[in-house]
Amino acid sequence: MIPVASAGERIDQALAALMPEHSRSRLQQWIRDGRVLVDGRTVRSADKVWGGERLDVSPGADPRQDAALPEAIALQVVHEDEAVIVIDKPPGLVVHPGSGNWTGTLLNALLHHHPPIEGLPRAGIVHRLDKDTSGLMMVAKTLVAHTSLVRALAAREVERIYQAIVVGIPAPAGEVEQPIGRHPVNRVRMAVVAGGRPALTRFRLLEPLTGAALVECRLSTGRTHQIRVHMESLGHPVLGDPVYAPKAGRLAPALAAVSTALGRQALHAVELAFAHPVNGAPLRFRSSLPADIRTALEALRAPS
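Residues numbered from 1 in each chain as written. Predicted model: local features only at pLDDT ≥ 70, side-chain atom pairs only at ≥ 80, totals over all residues. Heavy atoms only, no water.

If you tally the helices and strands in the protein chain, you get 7 helices and 14 strands. Principal-axis analysis of the C-alpha atoms places the extent of the protein chain at approximately 75 × 45 × 40 Å. Sequence separation of 24 or more characterises 63% of the internal contacts of the protein chain that already satisfy a separation of 6 or more. A gap of 5 Å separates the mean positions of the 34 positive and 29 negative side-chain charges of the protein chain. (Helix = DSSP H or I, 4+ residues; strand = E, 2+ residues; numbered from the N terminus. Contact = heavy atoms within 4.5 Å. Lys, Arg positive; Asp, Glu negative; His and termini not counted. Charge placed at Lys NZ, Arg CZ, Asp CG, Glu CD.)

Written as structure tokens, this is what we have:
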């Protein structure tokens, strides 16, 4: 029953108050799927309620989970408790099953590592790293934790710090606040486009190298390919990036050799900080640069 206190609210707002363990986006999807009935009728998220209506909700699972099966894939677990897992993802590991990668993903590994996670949207995964980006990720183990972490990300309360080797040497520090959306011609790429989603990346130079630099990037938002797109927009794409960086033939020979040997974008999520989704305790984790990026750095450091 819709309480009188919700009179005048949108149905998705009233639902969020009645079912706080679920995210607003999940409730809106149930409304779109016809899983929410008010007095026996389907509704739209924007429809108003006035209190006293009969409410019927038929929760739905994420249909993408149907194709996912547990797989015994080793995970580097940095932290785990009753509510959250923090992992250090290696390069080459796809996060979500999808076209061309229905098996061998992080989601498959999580289903094997903690089988009850199957009941959560996307097996508890609340943010992602690209296949060839390595580093720290957090995963929820309970529905309450999942909702809390999703809301913390939306509120920009999660600190995410990356290190990258970029082509050329950028300014000592700066920020890029440019909207990101699908490229208007090449749909595989993202780009800075008018009408895209707001995106903010702050960066600082850590170490100049030979024809390149090691930089730190802090995300205020989490758009697809955000660091890769924003650094390219400055003229300093991430070294080895197969989508946004110049091909090896257009780089100086030494830089081209390092890029080819690396075989992936030189981007690593080095630090992750957030409030525990249940008890609110501050959590902070740091990951060392992986061996392939360390090797690239040594090759690009000028001889002393």
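Here the narrative resumes.
On to the pattern of salt bridges, then. Tallying each qualifying case throughout the model produces 19 salt bridges. Across the pair arginine 24 and aspartate 12 runs a salt bridge, and its minimum N-O distance is 4.0 Å. Highlighted residues: arginine 24 in helix H2 (residues 24-32) and aspartate 12 in helix H1 (residues 11-18), separated in sequence by 12 residues. Arginine 284 serves as the salt-bridge partner of glutamate 159, at 2.6 Å between the closest nitrogen and oxygen. On the criterion of sequence distance, the pair formed by glutamate 159 in strand S7 (residues 159-167) and arginine 284 in strand S14 (residues 282-286) is long-range, its members being 125 residues apart. On the basis of relative accessibility, which here comes to 48%, the residue arginine 284 falls in the partly exposed class. (Salt bridge = Lys/Arg side-chain N within 4 Å of Asp/Glu carboxyl O. Buried < 20%, exposed > 50% of the residue type's maximum accessible area, 1.4 Å probe, protein only.)

The subject of this paragraph is the side chain of histidine 127. In this structure, histidine 127 sits in the loop between helix H3 (106-113) and strand S6 (134-140). Classification of histidine 127 by relative accessible area gives buried; the value is 9%. A polar contact of 3.0 Å, which involves the side chain of histidine 127, links it to the backbone nitrogen of methionine 138. (Polar contact = N/O pair within 3.5 Å; in protein donor to acceptor, adjacent residues only side chain to side chain.)

So, about the sheet that holds strand S1 (residues 36-38). Judged by pairing direction, the sheet is antiparallel, and its 3 strands sit side by side in the order S2-S1-S3 without closing on themselves. Each of the sheet's edge strands pairs with one partner strand only, and the pair in question is strand S2 (41-42) and strand S3 (55-57). Inspection of the sheet shows S1 paired to S2 by 2 bridges, in the antiparallel sense. Residue pairing for S2: leucine 37 is matched across the bridge by threonine 42. H1 contacts S1 and S3 of the sheet and is inclined by roughly 75° relative to S3. (Pairing = 2+ DSSP bridges. Axes fitted to C-alpha atoms, helices over the stretch in contact; angles between N-to-C directions.)

With that settled, consider the packing of helix H6 (residues 253-262) against helix H7 (residues 291-300). Running from amino to carboxyl end, H6 crosses H7 at an angle of 170°, the nearest separation of the two axes being 10 Å. Our classification of the angle between H6 and H7 gives roughly antiparallel. Of the residues in H7, those touching H6 at Leu255, Val258 and Leu262 are Asp292, Ile293, Ala296, Ala299 and Leu300. A class-by-class count of the residues in the contact of H6 with H7 yields 7 nonpolar, no polar and 1 charged. (Parallel < 35°, antiparallel > 145°, perpendicular 65-115°, else oblique. Nonpolar A, V, L, I, M, F, W, Y, C, P; charged D, E, K, R; others polar.)

Let's shift gears to the nonpolar core. Formed by 49 residues in total, the largest nonpolar core has its most connected members in Leu106, Ile125, Ile165, Leu239 and Leu300. Those residues in contact with leucine 300, other than ones at most four positions away along the chain, are Ile165, Leu209, Thr210, Ala212, Leu239, Leu255 and Val258. Counting residues in hydrophobic clusters, the runner-up holds 16 residues, among them Leu136, Ala140, Ala145 and Leu149. (Core = buried A, V, L, I, M, F, W, Y, C linked by side-chain atoms within 4.5 Å.)

Note on placement: leucine 297 falls in helix H7. Assessed through its relative accessible area of 4%, leucine 297 is described here as buried. Sequence spacing of leucine 297 and valine 95 is 202 residues, and the spatial spacing of their C-alpha atoms is 26 Å. Among all residues touching leucine 297, those that are not within four sequence positions of it are Ile165, Leu209, Leu214 and Leu289.

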